[in-house]
Amino acid sequence: MHVVEIDLDAPDGGIIAFRAGPGGPPVDAETAGDLYALVRLRGRPAATVVGHVPAGEDAAAVLAALARERLRAAPPPVPEARGDLPRTSVVVATRERADQLARALDSLLDQDHPDYEIVVVDNAPLTGATEELVTRKYQGRVRYVREDVPGLAVAHNRGLAVADGAVIAFTDDDVVADPQWLTALTAPFAQDPRLGCVTGLILPARLTTPAQILLESHGGFAKGFAPRHYDPARPPADEPLFPFTAGSFGSGANMAFRTTALRAVGGFDPATGTGTPAKGGDDLYGFVAVLAAGFRLRYTPDALVWHHHRETWQDLRNQAYGYGAGLTAYLTALLVRRPALLPALLARLPRGLVHARNMTARREGTPHVPGTHAEQHPWPRSLSRLERRGMLYGPLGYAKARLRTCRTRSCREAR
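Calculation notes
- Residues numbered from 1 in each chain as written.
- Predicted model: local features only at pLDDT ≥ 70, side-chain atom pairs only at ≥ 80, totals over all residues.
- Heavy atoms only, no water.
- Helix = DSSP H or I, 4+ residues; strand = E, 2+ residues; numbered from the N terminus.
- Contact = heavy atoms within 4.5 Å.
- Polar contact = N/O pair within 3.5 Å; in protein donor to acceptor, adjacent residues only side chain to side chain.
- Core = buried A, V, L, I, M, F, W, Y, C linked by side-chain atoms within 4.5 Å.
- Buried < 20%, exposed > 50% of the residue type's maximum accessible area, 1.4 Å probe, protein only.
- Phe/Tyr/Trp six-rings, centres within 6.5 Å; stacked < 30°, edge-to-face > 60°.
- Lys NZ or Arg CZ within 6 Å of the ring centre and 35° of its normal.
- Pairing = 2+ DSSP bridges.
- Axes fitted to C-alpha atoms, helices over the stretch in contact; angles between N-to-C directions.
- Left-handed = near helix turned anticlockwise from the far one by under 90°.
- Nonpolar A, V, L, I, M, F, W, Y, C, P; charged D, E, K, R; others polar.

Each neighbour pair has its own omega, and for F242 with P243 the value is 5°, a cis peptide bond. By the secondary structure assignment, P243 is in the loop between strand 11 (228-230) and strand 12 (254-258). Despite not being glycine, E96 shows a phi value in the positive range, around 55°. Note on placement: E96 falls in the loop between strand 5 (88-94) and helix 2 (98-108). Located in the positive-phi region is K279, a residue other than glycine, with phi close to 70°.

Structurally, T332 is set in helix 9 (residues 313-337). Taking the C-alpha atoms as reference points, T332 and L396, separated by 64 residues in sequence, lie 9.2 Å from one another. When neighbours within four sequence positions are excluded, T332 is seen to be in contact with P395 and Y398. A polar contact of 2.8 Å, which involves the side chain of T332, links it to the backbone oxygen of T328.

With that out of the way, let us pick up the nonpolar core. I168, F170, F249, F257, L262, F287 and Y330 are the most contacted members of the largest nonpolar core, which has 46 residues in total. In terms of residue count, the dominant contributor to this core is helix 8 (residues 282-292) (seven residues). The contacts of L262, once residues within four sequence positions are left out, are L160, I168, F170, F257, G267 and F268. Counting residues in each nonpolar core, the second largest holds 39 residues, with A102, A169, A177 and V305 among its members.

Turning next to the packing of aromatic side chains. All chains considered together, the criterion is met by 10 aromatic pairs. Seen from their ring centres, F170 and F257 are 6.2 Å apart, and the 75° between their planes marks the pair as edge-to-face. Linking F170 in strand 8 (residues 167-171) with F257 in strand 12, this pair joins segments that are 87 residues apart in sequence. For F257, a relative accessible area of 0% translates into the label buried. Measuring from centroid to centroid gives 5.7 Å for F257 and F268, while their planes differ by 85°, and the two rings are edge-to-face. Within this pair, whereas F257 is found in strand 12, its partner F268 is found in the loop between helix 7 (259-264) and helix 8, the two being separated by 11 residues in sequence. Ring pairing ties together the aromatic residues F170, Y230, F242, F249, F257, F268 and F287, which thus form one cluster. Over the ring of F295 we find R194, and its NZ or CZ is 4.7 Å from the ring centre.

Moving on, we get to helix 2. Within helix 2 the residues assigned to the buried category are A98, L101, A102, A104, L105, S107 and L108. Its buried side turned inward, helix 2 meets strand 5, strand 6 (116-123), helix 3 (129-137), strand 8, strand 9 (175-177) and helix 5 (181-191).

On to the sheet that holds strand 1 (residues 2-8), then. Backbone hydrogen bonds are what pair the strands of a sheet, in a parallel or an antiparallel way. Strand order in the open sheet formed by four strands is 2-1-3-4, and the pairing between neighbours is mixed. The sheet is open, and its two borders are formed by strand 2 (15-20) and strand 4 (44-53), each paired with just one other strand. Taking each pair of neighbouring strands and ignoring which way they run, the sheet shows an average axis angle of 25°. Here nine bridges tie strand 3 (residues 33-41) to strand 4, and the two strands are oriented antiparallel to one another.

Take the packing of helix 6 (residues 210-217) against helix 9 next. Two elements in contact, helix 6 and helix 9, have axes whose closest approach is 8 Å; the angle formed by their N-to-C orientations is 35°. Crossing of helix 6 against helix 9: the hand is right-handed. Between helix 6 and helix 9, the contacting residues are A211, L214 and L215 on the first element and W313, L316 and Q319 on the second. For the contact of helix 6 with helix 9, the per-class residue count stands at five nonpolar, one polar and no charged.

And the structure:
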């Protein structure tokens, strides 16, 4: 399936541009087959559509018709106010994936933000490939930092310790950032002094394997095209588990924090995250910690990164188990490190158990992401079972990770 972009000048207007997404081959009017398209309105992300283009038809015209139909049912994106952009540090944690890292860094160096630095944190490296790449190809443009303790949260905390920006943004080594990504992600901080975190839109860079198509057909990482504001002083009425439904806020591949806010809550829990027995949950912990401290959180679809989904069935199995484990690991971390949240969490526990069960069950039912091929790619019950098994394992995984962390130089940080 081709991943493409189509840009319209209005919801019912003409085509400004039709081009391939960043992970695929060139496309033109004669491209045929199944196409997944990001729809932009004058450059701003507005929707996604999936369409089949028969041979001999104009691909751009087919997708434009689908886009206009989709946009009729959705309000057009509202331009966001943008003041002076804050100095920003972009942190990319990586481990032995120099080829992917180079692709990500090339896109990060092409941002239109006027004042930012890039920090690569080489996490528990086995070889010198990452250091060689950064010091040889990106000398003077990218900072290299080594962190020998394994774990994504530990690596992110290392980046937080050396960052010099008023805002610190995090992304992964398997993304391609849209040129306006960093501007859109950091601009809200200039408008709201109580804003502690901003997250953005994540779309697939490629959909070439059954595993990639299956994941995206059932939600992927996208959180929609409507901006959302989360204020702990005014909990959203449609989220009764707030703030513990952290997965609805965004994902770690596309997030930024006010640096002082993230430091004030102690950064990320080093016993969470990929690379630890907890297997995930570091970003979820960060979201809730900042909200619990009284800061606001915002989701903006204008801040777009393209994510290279894992390609194999085994990757998807590992991902499903890791998501379940990370969910309950982060909740365990909150109870251990922020016991004052216990009454609020217990009050929401019955609904929370139902929510956790529904998180996996809903993938098996009606597709909840319009414009994808969920009906042709049903979610296997085996993956839902794996995710639930991960949920049961999560607290134990966190305990193991915490014990291991306390045997390293980060023990004081984990207390």
